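Single-letter residue listing:
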Amino acid sequence: ADIYYLHSYEYFFAVKKKIKKNRAKLVYDAHDFYTKINPDKPFLGSNLIKDFQKKIEKSLIRTADLMFTVSEGLKKLYMDEYNTSSIVIRNAHSSDIDLPSKTTIKAYFGLKQSDIITVIIGNQKEGQALNQIIKAFLGCASKNNYLVFIGGGYHTLKESLPLKNQERILFLSRLQPTDIVSIASEANFAILPYFALTNNYRYALPNGFFQMTAAQLPILFSKDLEEINALNKIEHFGLATNFNDPNQLKKDLNNLLENFSKKDALSAKQNLTWENEEIILRKEIQKLTECK
């Protein structure tokens, strides 16, 4: 190959010799601050593993001809940790992959056309305020409002729900990436469930967020997610809240449901796209090929 494009540092040693042999260019595209994604959980040998991971990533960054990352916050984290500069390319959704949906949320669950749907998109992970969101939703949303989880890993939530609430909290299993936006577009609102568990979360721009904006959904999100907050100040697609304050969460959720509509998310849908981001990527890759 002329260019090796790595999304994770683990692959570096697998291609290092080939890069040297082929006199190829190396691009590192870091979608997370990988060595500190989640909080430290010390165990026997954990420091050795972490040091080994950092050694690999440091070697990769030192060798790379070009580095991308997905947000300004992550760019700063990499600068502070490795003294390296990177170019921000947001991992926005590409409408090119979307296929017409074969079903709808309302048809799948037997809901009425007048029912209101709020979605959470993405698989269950650490750093999500799921119980707080469900409690607030059941406490303030009217009976024709439904909260739908799109993604995997939420079965434990379903099992813990009282029977009387199971009809309003609904679960779709994992969908193909080509189906997520087309199915979610039927919804009225979205909730991004993450909070700043670590600085990686604080500065993240998750795939689920861009799928929400592509589906033109007003979004409720945690106020400690700095990159989401920064974009919201420009695009005005939703509301910031405090997931750890039940009263504030209910107030902000009510505000979203009563005062926002899909027209508020139109600017984000138009501007936060992969079609815009790939212009930057193409330009930088072309520079590499010209230098070869």
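The notes below deal with the structure included here.

Reading the values: rules and limits
- Residues numbered from 1 in each chain as written.
- Predicted model: local features only at pLDDT ≥ 70, side-chain atom pairs only at ≥ 80, totals over all residues.
- Heavy atoms only, no water.
- Pairing = 2+ DSSP bridges.
- Helix = DSSP H or I, 4+ residues; strand = E, 2+ residues; numbered from the N terminus.
- Axes fitted to C-alpha atoms, helices over the stretch in contact; angles between N-to-C directions.
- Contact = heavy atoms within 4.5 Å.
- Buried < 20%, exposed > 50% of the residue type's maximum accessible area, 1.4 Å probe, protein only.
- Arc of directions from axis to C-beta.

Strands belonging to one sheet form pairs held by backbone hydrogen bonds; the direction of such a pair is parallel or antiparallel. A sheet is described by the order of its strands in space; here 6 strands give the open sequence β7-β6-β5-β8-β9-β10, paired in parallel fashion. What marks the edges here is a single partner per strand, and that holds for β7 (169-172) and β10 (238-241). Ignoring strand direction, the axes of neighbouring strands in this sheet form an average angle of 25 degrees. Sitting on the sheet, helix α9 (residues 207-214) is in contact with β5 (116-121), β8 (189-191) and β9 (219-222), with an inclination near 150 degrees to β5.

A few words on the sheet that holds strand β3 (residues 66-69). Here we have 4 strands laid out as an open sheet, ordered β1-β2-β3-β4, and parallel in their pairing. Two strands in the sheet have a free side with no partner beyond their single neighbour: β1 (3-6) and β4 (87-88). Relative to strand β2 (residues 25-30), β1 runs parallel, the two sharing 4 bridges. Counted as the bridge partner of L6 is Y28 from β2. Along the sheet, helix α1 (residues 12-22) makes contact with β1 and β2, crossing β1 at roughly 160 degrees. Contacting β2, β3 and β4, helix α3 (residues 72-82) crosses the sheet at an angle of about 130 degrees to β3.

What follows covers α1. Along α1, the residues classified as buried are F12, V15 and I19. Buried residues of α1, seen end-on, are gathered within an arc of 80 degrees and therefore sit on one face of the element. Summarising the geometry of α1, the exposed residues directed more than 90 degrees from the buried face are A14, K17, K20 and K21. Two residues or fewer past α1, R23 is found with a positive phi of approximately 50 degrees.

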